[in-house]
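# Observations on chain architecture
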Amino acid sequence: MDTETAGGGVALAASLATLITKSVLHPIDTLKCRIQLFSGRPQDGSRWRGVLAAHRGKWGPRYLYSGLPVKLLLYVPYQSFYMSSYNYGRTLLEVDAYRQQQEQSAYLWRTAAAAVFAELCSSVVRVPMETLKVRIQGGASENTHEAVRQFYRHGWRANVRLMLPQTFLHDIPYSITQWLLYETLRPYTQRFILGREEQGTPQSGWQQYKSELFFTFCSGGFSGMVAAAVTVPLDTIRTQYTVLSSKHNNRPYTSGSRAPLTVRHVIGSIYRRGGLKGFYAGGGTRVVWVSMNMSMYFPLFEMLKKGFAQPRHSTTTTCDEGDLLSLQSQM
C-alpha cells in the first residue's frame, strides 16, 4: 500500500530538518559574518589569516555557535509567516493562471510582488531574529540576554530603521531573485519527474533519492545559490550595518550626540577599506553555506517525511510542498 504525508507531517518534517541543518552548519554562518566584519589589515596578504588572528582564542564551540539559540527559537515562526504570506500572495495575484496563459510580463511582476509581500509580512520576525543573531556572532553582544536588552534599549525608531538594510536592501532582492528563478524552473523539473512516474521505471531507493535531489536542486537549490551569489554585496552591507548600529546607538542627532548611522556611511566605509572587493567579503563562504544547507536539508526532510507518512490509496504527490520548504530553508 502507498503512503502519503499530511500537511502537518510535511510542516513538522520541514521544521525538524531545518533545525538540525541550521544547528550543524551554524559555524559556517558565523565564519561568514566574521569575514564580512573584519576591518583590520590582512596578514601576509591573506584576509583569512587576519580574521583568524582577530578572533584568536574564540574559535571553540561556544563562539562558533553563538547566536544559534535565537535562530532556532525564531526561525520556525518566521518560516511559517513567510511561506503562508508567499502562498497567499501567489493565490491572490493568480500567478499560476498568468503563467498558464503565457503572459510573461504579468507573471513575472506578480511573482515578484508575492515575494515582496512575503518579506514585508515576515519582517516582524526576521529583522529581530537576524539582528540579534548577527550582533552576537559579530561580538557586539556577549550573549542572547545582552543582545535582547540592547535591542530593546535602542528603542522602536532605531529598530524600525534596521528594516532598510535588512528587508528592503537585502531580503526583498534575495526573495525576488530566488522566486523568479524557482517559479520559472519548477514546471520543467515537475514535468520530467511526472513523466518518469508515468513510465513506471523501477528504481532503487538510492536511485530515487539521487533523482529527487538533483531535480530539487535544479529548481530550489540552484535558484537559492544564484540569489545568494548575486546579493553578496547587499549581505555584506546588511551585516556591517546591523553590528555597527549597535555600537553607534543610532540616536537622532542632537547637540552632544552623534548623527544616526546610515547605509550610505556603511557603504562608504566598506569602499574606503577594501574597494569593490570589500563588498564581496565572505561571498565564497556564503555560497558554500547555501550549497551545504541544500545537500544536508533535503535528505533529512525526505527521511523525516517518510517517517510521518500514513497509508493512502490515491497517487497524490507532495513534490510542490517539499520544493517550497527546501527552498525556504536556505534563507
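In the block above lies the structure referred to throughout.
Anyway, here's the lowdown on the structure attached to this text. Note that the coordinates shown come from a computational prediction; the quantities given were computed from them, not determined experimentally. (Residues numbered from 1 in each chain as written. Predicted model: local features only at pLDDT ≥ 70, side-chain atom pairs only at ≥ 80, totals over all residues. Heavy atoms only, no water.)

## Let's talk about the packing of helix α4 (residues 68-92) against helix α6 (residues 104-137)
Their axes nearest at 7 Å, the elements α4 and α6 cross at an angle of 170°. In terms of their interaxial angle, α4 and α6 are classed as roughly antiparallel. Per-class residue counts for the contact of α4 with α6 are 17 nonpolar, 4 polar and 6 charged. (Axes fitted to C-alpha atoms, helices over the stretch in contact; angles between N-to-C directions. Helix = DSSP H or I, 4+ residues; strand = E, 2+ residues; numbered from the N terminus. Parallel < 35°, antiparallel > 145°, perpendicular 65-115°, else oblique. Nonpolar A, V, L, I, M, F, W, Y, C, P; charged D, E, K, R; others polar.)

## So, the pattern of salt bridges
Enumeration over the complete set of coordinates arrives at 10 salt bridges. Among the ionic pairs, Asp171 bridges to Arg126, the shortest N-O distance being 3.0 Å. Separated by 45 residues along the polypeptide, Asp171 in helix α9 (residues 163-199) and Arg126 in helix α6 bring together distant segments of the chain. For the salt bridge of Asp235 with Arg238, the shortest nitrogen-to-oxygen distance reads 2.5 Å. Taken together, the positions of Asp235 and Arg238, both in helix α11 (residues 232-248) and 3 residues apart, correspond to about one turn of that helix. (Salt bridge = Lys/Arg side-chain N within 4 Å of Asp/Glu carboxyl O.)

## Considering the nonpolar core
For soluble globular proteins, nonpolar side chains are generally found buried alongside one another. In this structure, Tyr78, Tyr82, Tyr86 and Trp179 are the most contacted members of the largest nonpolar core, which totals 17 residues. For this core, the element with the most residues is α6, which contributes 7 residues. Listed in part, the 14 residues of the second largest apolar core include Val70, Leu132, Phe151 and Leu162. (Core = buried A, V, L, I, M, F, W, Y, C linked by side-chain atoms within 4.5 Å. Buried < 20%, exposed > 50% of the residue type's maximum accessible area, 1.4 Å probe, protein only.)

## A word on the side chain of Ser123
Looking at the secondary structure, you find Ser123 in helix α6. With residues near it in sequence (within four places) discarded, Ser123 still touches Pro128, Met163 and Thr167. (Contact = heavy atoms within 4.5 Å.)

## Some thoughts on the packing of α6 against helix α7 (residues 144-153)
Packing of α6 against α7 brings their axes to within 9 Å, and their N-to-C directions diverge by 125°. Between α6 and α7, the crossing angle belongs to the class labelled oblique. Of the two elements, α6 crosses α7, and the hand of that crossing is right-handed. Between α6, through Pro128, Thr131, Leu132, Arg135 and Ile136, and α7, the contact on the second element is made entirely by Thr144, Ala147, Val148, Gln150 and Phe151. (Left-handed = near helix turned anticlockwise from the far one by under 90°.)

## Re the environment of Pro233
Here Pro233 lies in helix α11. Residues Pro233 and Gly278, spaced 45 residues apart in sequence, show a C-alpha to C-alpha distance of 8.3 Å. Not counting residues up to four positions away in its chain, the partners in contact with Pro233 are Phe279 and Tyr280.

## A few points about helix α12 (residues 263-274)
Over its 12 residues, α12 runs 17 Å from end to end, which matches the ideal 16 Å to within 8%, given 1.5 Å per residue. Listed as buried for α12 are Val263, Val266, Ser269 and Ile270. Axial view of α12: buried residues confined to an arc of 125°, hence all on one face. Opposite its buried face, α12 presents the exposed residues Arg264 and Arg272, each directed more than 90 degrees away. Looking one or two residues past α12, Gly275 carries a phi angle of roughly 65°, positive in sign. (Expected span 1.5 Å × (residues − 1). Arc of directions from axis to C-beta.)

## Concerning unusual backbone geometry
Residue Glu94 is not a glycine yet carries a positive backbone phi of 55°. Counting through the fold element by element, Glu94 comes out in the loop between α4 and α5 (95-100). For Glu94, a relative accessible area of 45% puts it in the partly exposed group.

## Some points on the packing of aromatic side chains
Summed over the entire model, instances satisfying the criterion amount to 5 aromatic pairs. Arranged with centres 5.9 Å apart and planes meeting at 50°, the rings of Tyr78 and Tyr82 form a pair that is tilted. With a gap of 4 residues between them, Tyr78 and Tyr82 both fall in helix α4, about one helical turn apart. The pair formed by Tyr78 and Tyr82 is uniform in burial state, with each residue classed as buried. Their ring planes at 40° and their centres at 6.1 Å tell us that Tyr88 and Phe117 sit as a pair that is tilted. Taken as a pair, Tyr88 in helix α4 and Phe117 in helix α6 lie far apart in primary sequence, 29 residues in all. Positioned above the aromatic ring of Trp59, the side-chain terminus of Arg34 is 4.5 Å from the ring centre. (Phe/Tyr/Trp six-rings, centres within 6.5 Å; stacked < 30°, edge-to-face > 60°. Lys NZ or Arg CZ within 6 Å of the ring centre and 35° of its normal.)

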